[in-house]
Amino acid sequence: MARVCELTGKGRQVGHNVSHANNKTKRTFLPNLQNVTLLSDTLGEGIKLRVSTHGLRTVEHVGGLDNWLAKSSDEQLSLKVQRLKRKIAKLKSATAA
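Please read all numbers here as calculations on a predicted model, not as lab measurements.

### Thoughts on the overall build of the chain
Of the regular secondary structure elements, the chain holds three helices and four strands. Computed over its C-alpha atoms, the radius of gyration of the chain comes to 17 Å, more than 25% above the 13 Å expected for a compact globule of 97 residues. Principal-axis analysis of the C-alpha atoms places the extent of the chain at approximately 65 × 20 × 20 Å. Out of the 97 residues in the chain, the part that is buried amounts to 30%. Once local pairs closer than 6 in sequence are excluded, the contacts in the chain between residues at least 24 apart make up 41%. Put simply, the chain has 17 plus and 7 minus side-chain charges, and the middle of one group is 10 Å from the middle of the other.

### Overview of the nonpolar core
Counting 17 residues, the largest nonpolar core has Leu7, Leu49, Leu65, Leu69 and Leu84 as its most contacted members. Residues in contact with Leu69, not counting those within four places in the same chain, are Leu7, Leu77, Val81, Leu84, Lys85 and Ile88.

### Quick notes on the packing of aromatic side chains
In total, this model carries zero aromatic pairs according to the counting rule given. For Arg27, the ring lying beneath its charged end belongs to Phe29, and the centroid distance is 3.9 Å.

### A look at the pattern of salt bridges
With the rule as written, the count across this model stands at one salt bridge. Across the pair Asp74 and Lys85 runs a salt bridge, and its minimum N-O distance is 3.2 Å. Here Asp74, found in the loop between helix 2 (65-71) and helix 3 (79-96), pairs with Lys85, found in helix 3; they are eleven residues apart in sequence, far enough to count as distant. With a relative accessible area of 37%, Asp74 lands in the partly exposed category.

Criteria and thresholds
- Residues numbered from 1 in each chain as written.
- Predicted model: local features only at pLDDT ≥ 70, side-chain atom pairs only at ≥ 80, totals over all residues.
- Heavy atoms only, no water.
- Helix = DSSP H or I, 4+ residues; strand = E, 2+ residues; numbered from the N terminus.
- Rg over C-alpha atoms; globule rule 2.2 N^0.38 Å.
- Buried < 20%, exposed > 50% of the residue type's maximum accessible area, 1.4 Å probe, protein only.
- Contact = heavy atoms within 4.5 Å.
- Lys, Arg positive; Asp, Glu negative; His and termini not counted.
- Charge placed at Lys NZ, Arg CZ, Asp CG, Glu CD.
- Core = buried A, V, L, I, M, F, W, Y, C linked by side-chain atoms within 4.5 Å.
- Phe/Tyr/Trp six-rings, centres within 6.5 Å; stacked < 30°, edge-to-face > 60°.
- Lys NZ or Arg CZ within 6 Å of the ring centre and 35° of its normal.
- Salt bridge = Lys/Arg side-chain N within 4 Å of Asp/Glu carboxyl O.

Below is the structure:
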């Protein structure tokens, strides 16, 4: 399982540990991923996702999972979340019509 946020696409970064003697060794910076269940107002159910804490804050700031998915682009989303976004959009258009 890749260490990538399913909502924001945030993944690992590479850098150096730098010692007092200025020796540099490679290291990785991993995102703070959490397994969370986010509620979808349109679907009326919870969706289990692996999300970074930064992504979780942005979802709550925008006003929930449905609003965040409506504003986000498909390039950064995982395949599972892209399908969820299409499902929510289809249900919203069906209830609006």
